[in-house]
Amino acid sequence: MLLIIQLVLYCLLFFLMVKAAVKDNGMNCLYFYPPAFIDEAARRGLADKDKTMKRGKRFMVPFCIIMLVVLVLIIAVWNRVTTFTAAYWQAVLFLVVMNWFDGICMDLVWVAHGKEWAIPGMEGIPYIKPLKSVLIKRTAGTVLYFIIALPVASAAVLAGSIF
């Protein structure tokens, strides 16, 4: 039960950071949109592509660091995991759940139906990826997260020995 609560809180943190970035206007997070959409927004004079991509880096770097640190702290401090194997499987669980939460809840539900994501002047240009594309990307992400979980688990075990 504790892991379910932690997973919900972890995904909630993910959502709240994105919500804080988007505020009430998709233009604030244009860097999340498909490249063709960004190119079209630039062509229509709605955005500067270079500034959009720099803004994306300014968001994504701290976002990834925060999500990583929080994950390590959950595993090391909250769960007091001391073995690499246990830390690895917890890291896999959190990363895979976050990956699918992003693809299903964030992309296919919130972005597809949230008013703040529709950008005036870009009507008729698709910005939601098709379900097949989401499933392929999230499946590939799942495989990748099995690899990323290795250094995360190592960091968690190390942090656990410090705390």
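Everything numeric here is computed off the predicted structure, so don't read it as measured data.

**Student:** Explain the environment of I74 here, please?
**Tutor:** Position of I74 among the secondary structure elements: in helix α3 (residues 49–78). A residue is classified by how much of its surface remains accessible, and I74, at 8% relative accessible area, is buried. Sequence spacing of I74 and L7 is 67 residues, and the spatial spacing of their C-alpha atoms is 9.9 Å.

**Student:** Help me understand the pattern of salt bridges in this model?
**Tutor:** Within this structure, the stated rule accounts for 6 salt bridges. Its salt-bridge partner being E116, residue K19 comes within 3.8 Å of it at the nearest N-O pair. Here E116 lies in the loop between α4 (84–113) and α5 (131–162) and K19 lies in helix α1 (residues 2–22), a separation of 97 residues in the sequence. Using a relative accessible area of 29% as the deciding quantity, one classes K19 as partly exposed. Note that R44 and E40 form a salt bridge whose closest N and O atoms lie 2.7 Å from each other. A relative accessible area of 34% places R44 in the partly exposed class. Connected through salt bridges with shared partners, the residues E40, R43 and R44 form a single ionic network.

How each quantity is defined
Residues numbered from 1 in each chain as written. Predicted model: local features only at pLDDT ≥ 70, side-chain atom pairs only at ≥ 80, totals over all residues. Heavy atoms only, no water. Helix = DSSP H or I, 4+ residues; strand = E, 2+ residues; numbered from the N terminus. Buried < 20%, exposed > 50% of the residue type's maximum accessible area, 1.4 Å probe, protein only. Salt bridge = Lys/Arg side-chain N within 4 Å of Asp/Glu carboxyl O.

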